[in-house]
Amino acid sequence: MEREKSERMLKLIWDFKGPDSARTAEHHALHLKEYIKINDLSPEIAGFESVTPEHHIAYLVVYESKMPAVRDGLKPHRGQIYQNKN
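Bear in mind the structure is a predicted one, so any value in this text is a computation, not a measurement.

What counts as what
- Residues numbered from 1 in each chain as written.
- Predicted model: local features only at pLDDT ≥ 70, side-chain atom pairs only at ≥ 80, totals over all residues.
- Heavy atoms only, no water.
- Helix = DSSP H or I, 4+ residues; strand = E, 2+ residues; numbered from the N terminus.
- Rg over C-alpha atoms; globule rule 2.2 N^0.38 Å.
- Buried < 20%, exposed > 50% of the residue type's maximum accessible area, 1.4 Å probe, protein only.
- Contact = heavy atoms within 4.5 Å.
- Areas by Shrake-Rupley, 256 points an atom, 1.4 Å probe, with all protein chains shown as cover.
- Lys, Arg positive; Asp, Glu negative; His and termini not counted.
- Charge placed at Lys NZ, Arg CZ, Asp CG, Glu CD.
- Core = buried A, V, L, I, M, F, W, Y, C linked by side-chain atoms within 4.5 Å.
- Phe/Tyr/Trp six-rings, centres within 6.5 Å; stacked < 30°, edge-to-face > 60°.
- Lys NZ or Arg CZ within 6 Å of the ring centre and 35° of its normal.
- Salt bridge = Lys/Arg side-chain N within 4 Å of Asp/Glu carboxyl O.

**A closer look at the overall build of the protein chain**
Okay, so step 1: Scanning the protein chain from N- to C-terminus turns up 2 helices and 4 strands.
Okay, so step 2: Going residue by residue from the N terminus, the α and β elements of the protein chain occur as β-α-β-β-α-β.
Okay, so step 3: For the protein chain, the C-alpha radius of gyration of 13 Å lies close to 12 Å, the compact-globule estimate for 86 residues.
Okay, so step 4: Across its three principal axes, the protein chain shows a C-alpha extent of roughly 45 × 25 × 20 Å.
Okay, so step 5: The buried share of the protein chain, taken over its 86 residues, is 35%.
Okay, so step 6: Excluding contacts between residues fewer than 6 apart, the proportion of contacts in the protein chain whose partners are at least 24 apart in sequence is 67%.
Okay, so step 7: Approximately 6,000 Å² of the protein chain is accessible, and the part contributed by carbon and sulfur atoms is 51%.
Okay, so step 8: Between the mean site of the 13 positive side-chain charges and the mean site of the 13 negative ones, the protein chain shows a separation of 2 Å.

**Here's the deal with the nonpolar core**
Okay, so step 1: The biggest cluster of nonpolar side chains holds 14 residues, and the ones touching the most others in it are Leu12, Trp14, Leu32, Leu60, Val62 and Val70.
Okay, so step 2: Looking at this core, the elements that each hand over two or more residues are strand E1 (9–17), helix H1 (21–38), strand E3 (55–63) and helix H2 (67–74).
Okay, so step 3: By residue number, the principal contributor to this core is E1, which donates 4 residues.
Okay, so step 4: Dropping the residues within four chain positions of it, Leu12 is found in contact with Ala58, Tyr59, Leu60, Val62, Met67, Val70, Arg71, Pro76, Arg78 and Gly79.

**Remarks on the packing of aromatic side chains**
Okay, so step 1: Counted according to the given criterion, the structure contains 0 aromatic pairs.
Okay, so step 2: Between Lys11 and the ring centre of Tyr59, over which it is positioned, the NZ or CZ distance is 4.5 Å.

**With respect to the pattern of salt bridges**
Okay, so step 1: Counting across every chain of the model gives 5 salt bridges.
Okay, so step 2: Among the salt bridges present, the one from Arg8 reaches Glu64, with a minimum N-O distance of 2.8 Å. Remark: Glu64 occurs in the loop between E3 and H2 and Arg8 occurs in the segment before E1; sequence separation between them is 56 residues.
Okay, so step 3: For Arg8, a relative accessible area of 39% translates into the label partly exposed.
Okay, so step 4: In this structure, Arg78 engages Asp15 in a salt bridge whose closest nitrogen and oxygen atoms are separated by 2.9 Å. In this pair, Arg78 is assigned in strand E4 (residues 78–81) and Asp15 in strand E1, connecting sequence segments 63 residues apart.
Okay, so step 5: The exposure class assigned to Arg78 is partly exposed, which follows from its relative accessible area of 36%.
Okay, so step 6: The exposure class assigned to Asp15 is buried, which follows from its relative accessible area of 19%.

So this is what it looks like as structure tokens:
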């Protein structure tokens with residue numbers, strides 16, 4: 001099934017706080033990338049970012065139509081509309 005170019009993409013986010021939050025977010029992002037491959041999801045966008053020195057996030061980007069299944073399976077802490085920075 002081809003995606004309509006107008007379908008929104010959502011960024012599902014997991015927050016990690018504390019002195020080990022960078023390592024934890026990076027490790028969680030590896031599992032999210034595995035989840036993408038196992039479930040044949042697109043777009044293939046997952047990673048981690050620093051918010052502050054003691055707050056890091058791991059994230060996974062999904063099309064809006066796939067969000068309910070991914071959300072229910074992975075239980076992200078929050079989500080937002082994905083804005084491609086390219």
